[in-house]
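# Structure assessment
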Amino acid sequence: MRFYFTWLILIFACSISAQEKLEDLSFYIEQHSDKLAAGRNSSSGDLLDYKAPWIDRMEFRTETRDWELVQQEYQFRLRPNTPKVRKYQKQVYQDLLTELEATKAAVKTYGLKKVYENWLEKIFEDRRADLLVNSRSYYDDLVKVLSSTNQKGEIDALEIIEVKIEREELELKIKNLQKDLANPDIQNSLLSIEDIKGKILIDSDNPGLYPSIASDLFDLQKIENKYALEKAEKNKAFEFAQVTYRGPHDEIWQERISMSLAFRIPRGERTNFDMLELQIDKMMEQEQIAERKLDYQNSLGSATEDLQEAIDAYDEKKEMIAQLAKYGDILEKYNPSTKGEIIKLISLKMDAMDGQLDLLRLEENIYERYIDYLDARSIFSTQPTISHLTK
């Protein structure tokens, strides 16, 4: 056992808050979503409904002749829209609304992984506290044994102080861990390790689709719709209609009205820079999609491997503890006859408790890696309202 002098500092530095009741994970998921949604309750319905116009532009022009008002010339010009242009204007606008709603939905899942991690931490703090509470009796027994005189009639005063300091440190740990109380129902709601193993097996047999495929296809469709709009604009044969009214205004019979029509001469798509830019944007997006798919596969593979390693480490530790359990049965039946044997027996029991704490840490690590695994599969963004860590 080690002798610590920092325990006095810890006593004054640690502030113990009042114990709070730990709620079910779904409660915190809903609470998190409500907080993010606060102040963001506007919907795309609040925007003006876009109506693609039949007339794209109306212009009124006037021109003077020799700065005489009676010679003034007036022009009124209309630029019409074609049905195809109107169709893709509506589609591009709808794409913007869809993207807006998707962004709002993504905001509600921001930080959701941290909600899982915080809840899990509190669950295992409660379990760790239960194990540490069971350790109290070992320290009390050690103090009693050490307080008895040895063959020379002496008391091990320094060892008694050392054990009492460790006992105080134990109490500080317990109090710090017991800030949130989880009732048995919440503790039991946590997925078992066997459940996690089963889910990994199911996922490996049914990997499913790349989770961002819908988003990626939408991004490509947006570019295609913009391209189609640009092409429809370019292919407009009829450019504008114009009515011109000329003076002089003092001789009504000499006033003239004329109409002009303008038609666009078609040119190749390669001469339209905006269309070429959109084609390049589409190719770049396709490359980025392929890269994102590869990143997803690598990330998921790494997360799966880390989770499996955590499970293996836990199983090995659990098997070792099970094999050592037979010695625990022997120790329970053993009746020590000397002070040294009693101290050794208590120390062995404390070592066994440390083994349980180590096993608990390995168990917690499994759930931490499982959260990383869920995150790698984009579960928090695709299924944000479901509790994936409870039964």
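Before reading further, recall that the structure is shown in the block above.
Note that the coordinates shown come from a computational prediction; the quantities given were computed from them, not determined experimentally. (Residues numbered from 1 in each chain as written. Predicted model: local features only at pLDDT ≥ 70, side-chain atom pairs only at ≥ 80, totals over all residues. Heavy atoms only, no water.)

For the protein, the helix and strand inventory stands at eleven helices and six strands. The buried share of the protein, taken over its 391 residues, is 33%. Accessible surface computed for the protein: about 25200 Å², of which carbon and sulfur atoms make up 55%. (Helix = DSSP H or I, 4+ residues; strand = E, 2+ residues; numbered from the N terminus. Buried < 20%, exposed > 50% of the residue type's maximum accessible area, 1.4 Å probe, protein only. Areas by Shrake-Rupley, 256 points an atom, 1.4 Å probe, with all protein chains shown as cover.)

What follows is about the packing of helix H4 (residues 112-147) against helix H5 (residues 157-177). At a minimum axis distance of 9 Å, the contact between H4 and H5 shows a crossing angle of 165°. As far as their axial angle goes, H5 and H4 are roughly antiparallel. As H4 packs across H5, the resulting crossing turns out to be left-handed. When grouped by side-chain class, the residues that make up the contact of H4 with H5 number twelve nonpolar, two polar and eleven charged. (Axes fitted to C-alpha atoms, helices over the stretch in contact; angles between N-to-C directions. Parallel < 35°, antiparallel > 145°, perpendicular 65-115°, else oblique. Left-handed = near helix turned anticlockwise from the far one by under 90°. Nonpolar A, V, L, I, M, F, W, Y, C, P; charged D, E, K, R; others polar.)

Turning our attention to a negative patch on the surface. Side chains of Glu-305, Asp-306, Glu-309, Asp-312 and Glu-316 sit close together on the surface and give a patch of like negative charge. Checked against the element boundaries, Asp-306 lands in helix H9 (residues 273-333). For Asp-306, a relative accessible area of 33% corresponds to the partly exposed category. (Patch = residues over 30% accessible without salt bridge, like charges linked within 9 Å, V, L, I, M, F, W, Y side chains within 5 Å. Salt bridge = Lys/Arg side-chain N within 4 Å of Asp/Glu carboxyl O. Lys, Arg positive; Asp, Glu negative; His and termini not counted. Charge placed at Lys NZ, Arg CZ, Asp CG, Glu CD.)

Turning to the packing of aromatic side chains, a few remarks are in order. With the rule as written, the count across this model stands at five aromatic pairs. Between Tyr-116 and Phe-380, the aromatic rings sit 4.7 Å apart at their centres with planes inclined by 50°, giving tilted as the arrangement. Here Phe-380 lies in helix H11 (residues 379-382) and Tyr-116 lies in helix H4, a separation of 264 residues in the sequence. We note that Tyr-116, like Phe-380, is buried. Between the aromatic rings of Phe-238 and Phe-263, the centroid separation amounts to 5.5 Å while the plane-to-plane angle is 45°, which identifies the pairing as tilted. (Phe/Tyr/Trp six-rings, centres within 6.5 Å; stacked < 30°, edge-to-face > 60°.)

Along the chain, the position of Gln-89 falls in helix H3 (residues 83-107). With sequence-adjacent residues up to four places away left out, Gln-89 is seen in contact with Tyr-50, Ala-52, Pro-53, Asn-81, Leu-229 and Glu-233. (Contact = heavy atoms within 4.5 Å.)

Despite not being glycine, Ser-378 has its phi angle at roughly 60°, a positive value. Within the secondary structure layout, Ser-378 lies in the loop between helix H10 (339-376) and H11.

With that settled, consider the packing of H3 against helix H8 (residues 213-234). The N-to-C vectors of H3 and H8 enclose an angle of 155°; their axes lie 9 Å apart at closest approach. In this view, H3 runs roughly antiparallel relative to H8, as classed from their interaxial angle. Read as a crossing pair, H3 and H8 show a hand that is left-handed. Every residue of H8 that contacts H3 at Lys-84, Val-85, Tyr-88, Gln-89, Gln-91, Val-92, Asp-95, Thr-98 and Glu-99 is listed here: Phe-218, Gln-221, Lys-222, Asn-225, Lys-226, Ala-228, Leu-229, Ala-232 and Glu-233.

Scanning all chains against the criterion turns up 20 salt bridges. A salt bridge links Lys-222 to Glu-99; its shortest N-O distance comes to 3.0 Å. Of this pair, Lys-222 sits in helix H8 while Glu-99 sits in helix H3; the two residues are 123 residues apart in sequence, bridging distant segments of the chain. For Glu-99, a relative accessible area of 32% translates into the label partly exposed. Its salt-bridge partner being Asp-358, residue Arg-361 comes within 2.6 Å of it at the nearest N-O pair. Within this pair, Arg-361 and its partner Asp-358 are both found in helix H10, separated by three residues, close to a single helical turn. Classification of Arg-361 by relative accessible area gives partly exposed; the value is 43%. Exposure remark for Asp-358: the relative accessible area of 32% places this residue in the partly exposed category.

Taken together, Trp-54, Ile-55, Met-58, Phe-60, Phe-76, Val-243, Ile-257, Met-259, Leu-261 and Phe-263 make up a surface patch of nonpolar side chains, about 1100 Å² in accessible area. Among the elements that line the nonpolar patch, the one with the most residues is strand E6 (residues 256-263), at four residues. Tracing the backbone shows Met-58 in strand E2 (residues 55-65).

Turning next to H3. A rise of 1.5 Å per residue sets the reference length of H3, with its 25 residues, at 36 Å; its end C-alpha atoms lie 37 Å apart and thus fit the reference within 8%. Of the positions making up H3, those classed as buried are Val-85, Arg-86, Gln-89, Val-92, Tyr-93, Asp-95 and Leu-97. In this structure, the buried residues of H3 make contact with H8. (Expected span 1.5 Å × (residues − 1).)

Moving on to the environment of Leu-22. For Leu-22, the location among the structural elements is in the loop between strand E1 (20-21) and helix H2 (25-37). A residue is classified by how much of its surface remains accessible, and Leu-22, at 0% relative accessible area, is buried. Expressed as a C-alpha distance, the spacing of Leu-22 and Ile-186, which sit 164 residues apart in the sequence, is 8.0 Å.

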